[in-house]
Every structure is written in structure tokens, then in C-alpha cells.
Amino acid sequence: MAADQLQVDSLAWTTPAVRAAQAAMLQVSLNDQDWVDVKDPAADSSFQYYASPHITTVTPSYGHVKAKGVVTVELAGSGFECYDEDNKKVDSGPCADLRCRFGNHPDQYIYAKGDFVSSELVRCKVPQYTKPDVLKVELTTNGESYTSDNKTYGFFDPFVLDATPRLIATDGSTQVAIKGIGFVDSGQAKALYSNRSSAVVCSGSQCVKAAVFKDKHTLVAPTFAQADVKYQGKDKSVLWDPLYIDATVIGDEFTENEVELFYYKDPVLKAANIVEAPSNVQAQLLIATDFQGNNMPRLSRYATPTCRFTAGSKVQITDGQMISYPFSGAHDATNANSIHCKSPRWHLDGDEPEKAVLDVSVNGQNYIGSLEFTFLRALKIHRDVPMAGP
């Protein structure tokens, strides 16, 4: 193969790929016929291919942004071979080209010297990092080629920015996605539901639920039934008062952010303006709804209505909105008496009409209703009359 770089006193190549770890002889020719070995006279080879290293675990896989002192991680895996300048394998001691790399982008990489323990274990110092994040951790044994095993180290310092949905069902069936920064996959994440004005308890203790790590910006936690959340020292339910949701990824030190959740009362669905539509048309659907018992300014602010159409294994969901009908020039959702959404484009298994069940959700998750809706054969227009005009 031709040299990548040719200088007066040096040649440089990119090594070709091979199938297994092995010693190789490098030869050079200036005329493509006469070849000369490039090696130490006392050596049997000039280049050593080693098995590609792979990281299987990073321990620990997370740490606090404000960690005090030196933090070390252990990278366990295979192929952590170390060679000296004479291409001889080193079983212990220093390994000059061993490096750990932390980061997700080339312009943000942070490098740390690796300590060789064995062919299956390397230790690295965790660099100081000033913000919550999850960084990829990679390793090189030759100073150039890094692993790509998608192993990570998370710097945690949780902060809750938002939660969805903000409206939660009274039966405790809502799953809340906690949005924020500084989350890591510790397996110990928890969500705390509290009230800032007066302490609340669930079965006599803090209202805490185990949370599931989804990604570095999201934890998902179940909720409590409204009847189980009571003011401490009183046999009184929190009812419609706000609950604040906070999080922790380790221990019991929760965030103290101002993200509120509210229980809501299920509205009563009365009737829809249409009960059928062509399967290929998105028809305008108005569902008369009684929102009585709810705080309407709050409901209109946080509601994320959706309509769900179900027929056997087929499910389609369309976005909706709270409206006041008949329509007027002033839009005021606090006077809402209907939910508006569109029917989806539906795939019929043939030409026969297909009956579906229409459910409605106020928070985009908990559905009620079970109204009947029928999808008719596709509407096809063959001709417009008249076909011309002034």
C-alpha cells in the first residue's frame, strides 16, 4: 500500500485492518519490487496488532458535580493490553499511551491518564466538570484509537424544570415525566410530592415514589391517589390544592423547585356533533363537555386534551383543545363547554364501515368517555359542478 505521507527522512502509513491479534512485518520498497524489512535487528517483527479493547462496565457510573477530593472510576472489559517500546506486552506498571476520554463531542473532550491494572481493568481519574451532564467514557491503549462502547459517566446535580402532565388523575393512575437536568441512571431515583404551605403525608410518611430514569433530562414517576395525600396531623385530603414535585437520584436530599401539579375532576362527556366520518377525511369534532367542579383558569392553562380512537388493535390519537361553543369573537377557555379535535385518517380493512370507540383525555394520558364513532368508506370526488365561474 502507498504511503500516506512521504518526507525526505520519513514515511507514514495507515495500518490495514486484520482479523485477529498478531505480529506483523513491515517492509518498504521504493520500486515496488525490492522489499526491505523495517525492524530492530534483534526483533522477529516490526508491528504488533492487538485485540481491540472493549469497555463493559464503568464503576461508579455517576458522581456529584460538587464532589470533593479525587474521584476514580474503574473501567472493566477486555483487550486492555499494554506494550513497551519494543512491542513487548507489559503485565503491570506504567503504560505510556493509556488514556481515558470523557466527552460527547471532539471540541469538548477531556483526557485523563489511565492506570493499568490488568488486561481487564483500568483506573482513571474523573475530571472536574462544572455542570450536570452525562459524558461518554472511552479508552485508548495506543494513544490514537479509542473504544466506542457507549459507556457513560454522569455528573449529577438534579434540578427540576418542568413536569408533564401538570394535571393528574384522582385515582393515582397518572405517570408524570419529570423534566430537568442533572439526572443519572443510579437505580435509586425518587420523586417527592409535597405542599409548600403545609406538610402532606401519604400513609403517615413522606409522599415518595420510586422514579425510572429515561434519559439525562427525564425521570418518570407514578402518582398517589388523591385520597391518600393528606395534610400532616389532619385527616384532611389535599383535594385540589397544588402539589410540588421534586426529585433525587441518590439518597433523600430532594430538589426544591417550584413545579406544581394539580388533581383534576373528570369532566362529563355529553354528546358529539358527529358520530361518523369518511375514513380519509379529518372531520371537525365537537364534544359537548361538562367541566363542573374544576378550577377553570387552572384547567385551561394546563390541560392538554387529546382524542383517542380505538378499534381492536388499531389506535390513533389526535390533539384537541378546550373551546366555548357556539363560537364568539372573544376566545376565553375558562368558559369552555366543549372539546374540539379532528377525526384521524383511518385505514379501513375493505369498504365496509368500521366502528371505533372514542375516548377523551384532559391531560393527554387518562382517558374517559367510550363514545361510539364510525369510519365510513373513503370519500372520492369525481366531478365538481359547476366546473367554471366568473
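Shown above is the structure to which this text applies.
A brief look at the structure comes next. (Residues numbered from 1 in each chain as written. Predicted model: local features only at pLDDT ≥ 70, side-chain atom pairs only at ≥ 80, totals over all residues. Heavy atoms only, no water.)

## Section: unusual backbone geometry
(1) Moving on: In this chain, T59 is followed by P60 through a cis amide linkage whose omega measures -10°.
(2) Moving on: Among the structural elements, P60 can be located in the loop between β7 (54-59) and β8 (62-64).
(3) Moving on: The omega torsion of the bond from Y325 to P326 falls at 5°, within 30 degrees of zero and hence cis.
(4) Moving on: Locating P326 in the fold gives a position in the loop between β32 (314-323) and β33 (338-342).
(5) Moving on: Unlike most non-glycine residues, N150 shows phi in positive territory, near 55°.
(6) Moving on: Position of N150 among the secondary structure elements: in the loop between β15 (133-140) and β16 (152-156).
(7) Moving on: A positive phi is found at S370, a non-glycine position, where the angle reads about 55°.
(8) Moving on: In this fold, S370 is placed in strand β35 (residues 367-376). (Helix = DSSP H or I, 4+ residues; strand = E, 2+ residues; numbered from the N terminus.)

## Overview of the side chain of E354
(1) Moving on: Structurally, the position occupied by E354 is in strand β34 (residues 354-361).
(2) Moving on: With sequence-adjacent residues up to four places away left out, E354 is seen in contact with A311, K314, W346, H347, L348, D349, F373, T374 and F375. (Contact = heavy atoms within 4.5 Å.)

## Topic: the environment of T72
(1) Moving on: In this fold, T72 is placed in strand β9 (residues 72-78).
(2) Moving on: We classify T72 as partly exposed; its relative accessible area is 38%.
(3) Moving on: With residues up to four places along the chain from it excluded, the contact list for T72 reads T59, P60, R123, C124, K125 and V126. (Buried < 20%, exposed > 50% of the residue type's maximum accessible area, 1.4 Å probe, protein only.)

## With respect to the side chain of T289
(1) Moving on: Structurally, T289 can be placed in strand β30 (residues 284-290).
(2) Moving on: Judged by relative accessible area, which is 4%, T289 ranks as buried.
(3) Moving on: Of the polar contacts made by the side chain of T289, one reaches the backbone oxygen of I287; its length is 2.8 Å.
(4) Moving on: Contacts of T289, omitting those with residues within four sequence positions, involve P267, V268, L269, N337, S338 and I339. (Polar contact = N/O pair within 3.5 Å; in protein donor to acceptor, adjacent residues only side chain to side chain.)

## Details of the packing of aromatic side chains
(1) Moving on: With the rule as written, the count across this model stands at 13 aromatic pairs.
(2) Moving on: Each ring, one from Y153 and one from F155, has its centre 5.0 Å from the other, and the planes form 75°; the classification is edge-to-face.
(3) Moving on: Among the aromatic residues, ring-to-ring pairing joins F102, Y129, Y153 and F155 into one connected group.
(4) Moving on: Over the ring of Y367 we find R308, and its NZ or CZ is 4.2 Å from the ring centre. (Phe/Tyr/Trp six-rings, centres within 6.5 Å; stacked < 30°, edge-to-face > 60°. Lys NZ or Arg CZ within 6 Å of the ring centre and 35° of its normal.)

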